[in-house]
Amino acid sequence: MYYTHLLTDTDGSFHGVEFLPEDFRDSPNERTMRVNEKYSTLPADEKGIHIINIRAIEDIGYVRTESTLLNSFSQDPDANCKYGLYFRDGKRKVDYILVYHYKKSSFSRTLTRRIHFNDLGPRSLKQDQPLPGKAGQVNMHDSEPHMDYHEDDKRVRREEYENNLMQAGLELERDEDTKIHGLGFVKIHAPWNVLCREAEFMKLKMPTKKVYQIHQPHGLLKKINSVIQKITEPIQPKVAEHKHQTVKRLSYPFSREKQHLFDLSDRDSFFDSKTRSTIVYEILKRTTCTKAKYSMGQGEGRKKETTLLNKRRKCGKYGITSLLANGVYSAAYPLHDGDYEGEHVEHNDRKLLCEEWASYGVFYKYQPIDLVRKYFGEKIGLYFAWLGVYTQMLIPASIVGIIVFLYGCATVDENIPSMEMCDQRNNITMCPLCDRTCSYWKLSSACATSRASHLFDNPATVFFSVFMALWAATFMEHWKRKQMRLNYRWDLTGFEEEEDHPRAEYEAKVLEKSLRKESKNKETEKEKLTWKDRFPAYFTNFVSIIFMIGLTFAIVFGVIIYRISTAAALAISSTPGGRSNVRVTVTATAVIINLVVIIILDEVYGCIARWLTQIEVPKTDKSFEERLIFKAFLLKFVNAYTPIFYVAFFKGRFVGRPGDYVYIFHSFRMEECAPGGCLMELCIQLSIIMLGKQLIQNNLFEIGIPKMKKFIRYLKSKRRRPGDHEEYLKKKQRYEVDYNLEPFAGLTPEYMEMIIQFGFVTLFVASFPLAPLFALLNNIIEIRLDAKKFVTELRRPVAVRAKDIGIWYNILRGVGKLAVIINAFVISFTSDFIPRLVYLYMYSESGTMHGFVNHTLSYFNVSDFQDGTAPNDAMELGYPVQICRYKDYRDPPWSETKYDIAKDFWAVLAARLAFVIVFQNLVMFMSDFVDWIIPDIPKDISQQIHKEKVLMVEVFMKEEQGKLQLLENWGGKEKRKGFTEDNRNFLSLLP
């Protein structure tokens, strides 16, 4: 049985409600006084407590042992706290939010109606006082048999965890009277002493009072920089953080003993919101929760639960990550600085970012990277800085690519092989492209394909491949230098990442292992997961990845079957137009099918990679992220590039020859390349997949899905009664608004799409010189799209310190090295560049390319067709055909070794292999030379870092000298004082 006590002052003002068990009804004064002293903010001498006993209620569905109401009610309490950015006192800033689900009892709803009836205001039931420790635990297990033990267990864990947070120095405030039904919010504030303590523990570098001059260029360099600044002024963002700085504050790891070194004139802004939330998150991660009040079952189940809880207490590792994973809290996040749109919105960093960064209207401007870092932290700042550098570097690559493409357009009419193919006077009859249904055809019908191939298959593409290899090396070096500048500017020099806290899943696995060992009476100290524990997961990973790669190959093989069968079906079309456009139709539809499959499998592989990483149970978040990145990149790389690799290196290589073709399933003949080579088809494949992925997956999905979710939320809010809807829109607190935003899912998807794009730009650039241009156009949109998503559609991420982009840099380097090898093979084996050179210098009688087409075509006697493979309509061209041609280097039918591989083939193959070796080693050497000649750390930054060290030594030397001088002065005074006393004593002894 429970009694309810209303806490009131002598003037009758209402202060709080407390539920007390029946056992306490005879002596309530002592208990009520103690609780009120702990909860109330009034001084002890001003408290006058009257206790009103309300008749106990039998059926309480959910009893709350700590329910406190506001001590005072203002007419507009939300304005005081800036609608959730501050505590109810309007002074303490909210640094972090914890969200949990709870169930309201029927009694609490009745009491709410009663208090509303007495006009106490719509927010009168908020628990907005700082959360105290638990006062008087009541054994509710016996008195409430119908209690939801799972919910109560979560509540007790929350209470213990929040008490531990307060013991760590944090200040908490609860709000359960929100516009979102069933959600409670715990607001967290870190006071000054806690911020100082944690900043010292975390070794955060903070600006000191010492200001020094940044090295400025002199002479000609100064004038050039001045001109560049004036030219680029219109494209600079209008934010204070982006302005050119001539002075910089000396930074030093914060120390409470050396607070006099730091500029503490404004304590409120000394630790910005990003730093405050980072500090609070560190406390949340290391604060443990080991208690669960109720077991989840009866009998043996309860014994097991008790054992489990005892082990949890031993482990002592049950922080915020575990609580989130177990559903004790549903979300945890820092708040955004305020609203970003509206007429009367107070100026804040979020609004400034929205105007100067997250807007498509400023696409031509530089990014305010320093402001991005100030608001989101170094890790996200580095991502956008890297994306900006990558986009800038695409500008010269795009210009050169356009020049190469225009060169192909300008020289297409001078290309002798294309002219020979288009000349109908040559009267070259080609062998059928398929058995029976296909007939003989004229080489001149492939004129358009040949001319189009020249746009991408010309001598300039070789130069462009070399250029892009050097471009990739230069880009990597440029980014390393930019990264060092940012490290210096953001005071990250000398920063080393410390070992992260273990993940909740890892702790659970260790706990499970220790329980198994304990049941076998084994030692359980310092348990950890070994490779034997993870072997099933490793085996599952290996088998699953092999299966996924095999599935990708199978799908590509299925598309090949589709191409072959569709080409055969279209070949028997009754319309001449259908027969003439067979190759274009088949290629276009097959590429679209590939694109759809790639987009679908990308999403599937992303989920599978995450699941495979989860079953490995990595110890830390960093280890989890690196393993996830490796798996996801491997699967998505294979998925995106397998169709392109097939066209580039396998299509047309294993066809056979007329009369002896290679068949799949004894029915489908392997497809051949066009007379102009496979490079044109490779270009089509690459361009459609690249543009389709960027347009659909990267942009349409990123824009469309958040808009759809936002629209659904809006429709749900419109379903309320009109009055409720207006109330819902008007009075939402900042933490309620942020809760409705999408949670931050990490930077892995953002990096992944850019790395895949980087592969499209570099790996097969010899076949598609316009790839950098399309990547540039996409990235201009992508930067603003990602910025808008981070500022307006995502909860604010926890700021994470980082000095580099991590494993992504190694992946970029690997893709750059692989690009050199692939481009060497594309130029050598896919294009006709090497066969042309061999013909020009070894076989051409006139020293020109005249006769090249005829040289690359072999002869076939139609009487040598296998039975049932000859064309059904041999007279389609209007004359009987005795000899047809096909593209290969083979001996003619009148030779003694008819249809054998000719010597020309071996000469071309030797030249191709030689080109691969020379090209690869030459470009690798040039890339390494660029890497060596460009220093990783800019000279001026190296000088500034050295200058900072010297200045810091000077500061400490002056401080030590001051201390010594003070001690000497104090010692001198003591000496003089002692000398005077001695003289007095001596004089007193004189007669």
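Since we're looking at a predicted model, the values are computed, not measured.

About the criteria used
Residues numbered from 1 in each chain as written. Predicted model: local features only at pLDDT ≥ 70, side-chain atom pairs only at ≥ 80, totals over all residues. Heavy atoms only, no water. Helix = DSSP H or I, 4+ residues; strand = E, 2+ residues; numbered from the N terminus. Buried < 20%, exposed > 50% of the residue type's maximum accessible area, 1.4 Å probe, protein only. Contact = heavy atoms within 4.5 Å. Areas by Shrake-Rupley, 256 points an atom, 1.4 Å probe, with all protein chains shown as cover. Pairing = 2+ DSSP bridges. Axes fitted to C-alpha atoms, helices over the stretch in contact; angles between N-to-C directions. Left-handed = near helix turned anticlockwise from the far one by under 90°. Nonpolar A, V, L, I, M, F, W, Y, C, P; charged D, E, K, R; others polar. Core = buried A, V, L, I, M, F, W, Y, C linked by side-chain atoms within 4.5 Å. pLDDT = per-residue confidence, 0-100. Polar contact = N/O pair within 3.5 Å; in protein donor to acceptor, adjacent residues only side chain to side chain. Salt bridge = Lys/Arg side-chain N within 4 Å of Asp/Glu carboxyl O. UniProt positions renumbered as here; feature names shortened; annotations may be inferred. Expected span 1.5 Å × (residues − 1). Phe/Tyr/Trp six-rings, centres within 6.5 Å; stacked < 30°, edge-to-face > 60°. Lys NZ or Arg CZ within 6 Å of the ring centre and 35° of its normal.

This part is about the overall build of the protein chain. Looking only at helices and strands, the protein chain has 32 helices and 17 strands in total. Every one of the 991 residues in the protein chain was classed for burial, and the buried ones make up 50%. Sequence separation of 24 or more characterises 80% of the internal contacts of the protein chain that already satisfy a separation of 6 or more. Summed over all atoms, the accessible surface of the protein chain reaches about 49,300 Å², with 59% contributed by carbon and sulfur.

A separate point is the sheet that holds strand S5 (residues 171-175). Here four strands make up an open sheet; going across it, the order is S5-S6-S4-S9 and the pairing antiparallel. Since the sheet does not close on itself, it has two edges, and those belong to S5 and strand S9 (331-333), each with one partner. Averaged over all pairs of adjacent strands, the angle between their axes in this sheet comes to 20°, without regard to strand direction. When strand S4 (residues 96-101) meets S9, the two strands line up antiparallel, connected through three bridges.

The geometry of helix H12 (residues 349-356) relative to helix H13 (residues 369-376) is characterised by a closest axis approach of 11 Å and an angle of 145° between their N-to-C directions. Here the hand of the crossing between H12 and H13 comes out left-handed. On H13, the residues touching Asp349, Arg350, Leu352 and Leu353 of H12 are Leu371, Val372, Lys374, Tyr375 and Phe376. Residue classes in the contact of H12 with H13 are distributed as six nonpolar, no polar and three charged.

Another point: the nonpolar core. Residues Trp386, Tyr390, Trp471 and Phe764 are the most contacted members of the largest nonpolar core, which totals 127 residues. Examining the composition of this core, we find that 15 residues originate from one element, helix H22 (residues 621-650), more than from any other. Contacts of Phe764, omitting those with residues within four sequence positions, involve Tyr641, Ile644, Phe645, Ala648, Phe649, Leu682, Leu686, Gly759, Ile822, Asn823 and Val826. Counting residues in hydrophobic clusters, the runner-up holds 46 residues, among them Ile188, Phe262, Ile283 and Ile320.

This next bit is on the confidence of the model for the protein chain. Per-residue pLDDT for the protein chain has a mean of 77; in total, 78% of the residues score no lower than 70. Looking over the protein chain, one finds the lowest element-wise mean pLDDT in strand S3 (residues 50-54), namely 34, and the highest in helix H14 (residues 378-411), namely 93. In the predicted structure, residues 1-75 sits below a pLDDT of 50 and forms 156 contacts with residues beyond four places in sequence or in another chain. Confidence drops under a pLDDT of 50 for residues 292-305, and excluding neighbours within four residues, the segment shows 25 contacts in the predicted structure.

What follows deals with the side chain of Lys693. Note that Lys693 resides in helix H23 (residues 679-718). Here Asp602 takes part through its side chain, which lies 2.7 Å from a polar atom of the side chain of Lys693. In this structure Lys693 touches Leu595, Ile598, Asp602, Asn698, Ile756 and Phe760, once residues within four positions along its chain are discounted.

The next subject is the pattern of salt bridges. The tally for this structure, following the rule as stated, stands at 44 salt bridges. With a shortest N-O distance of 2.4 Å, Glu198 and Arg286 are connected by a salt bridge. Here Glu198, found in helix H6 (residues 192-201), pairs with Arg286, found in helix H9 (residues 273-286); they are 88 residues apart in sequence, far enough to count as distant. The partner of Glu671 in a salt bridge is Lys651, with the nearest N and O atoms 3.8 Å apart. With Glu671 in the loop between strand S15 (668-669) and H23 and Lys651 in the loop between H22 and strand S12 (656-657), the pair connects residues that are 20 residues apart, well separated along the chain. In this pair, the class of Glu671 matches that of Lys651, namely buried. Several salt bridges converge on common partners, so that one network encompasses Glu477, Lys480, Arg813, Asp931 and Asp936.

Residues annotated by UniProt as "transmembrane region" (unreviewed entry) correspond here to residues 383-407, 460-479, 538-564, 584-608, 628-649 and 754-777. Along residues 383-407 the backbone is 100% helical and 0% strand, and the end-to-end C-alpha distance reaches 36 Å. Each end of residues 460-479 is marked by a C-alpha atom, and these two atoms are 28 Å apart; helix forms 100% of the span and strand 0%.

This part takes up unusual backbone geometry. Phi is positive for Lys203, which is not a glycine, with a value near 55°. Considering the arrangement of structural elements, one finds Lys203 in the loop between H6 and strand S7 (205-213). The phi torsion at Tyr899 lies on the positive side, around 65°, for a residue other than glycine. Using a relative accessible area of 5% as the deciding quantity, one classes Tyr899 as buried.

Before going further, it helps to spend a moment on helix H5 (residues 149-167). Taking 1.5 Å of rise per residue, the 19 residues of H5 would be expected to cover 27 Å, and the 27 Å separating its terminal C-alpha atoms lies within 8% of that figure. Burial analysis of H5 places 15 of its 19 residues in the buried class, which makes it a mostly covered element. Phi for Gly169, located one or two positions after H5, is positive at around 105°.

Okay, the packing of aromatic side chains next. If you walk through the whole model with that rule in mind, you get 54 aromatic pairs. With a centroid separation of 5.0 Å and 80° between ring planes, the pair formed by Phe905 and Trp906 is classed as edge-to-face. With a relative accessible area of 25%, Phe905 lands in the partly exposed category. We note Lys93 situated over the ring of Tyr86; from NZ or CZ to the ring centre the distance is 5.6 Å. In this arrangement the basic side chain of Lys248 is found over the ring face of Tyr488, its NZ or CZ atom lying 5.1 Å from the centre.

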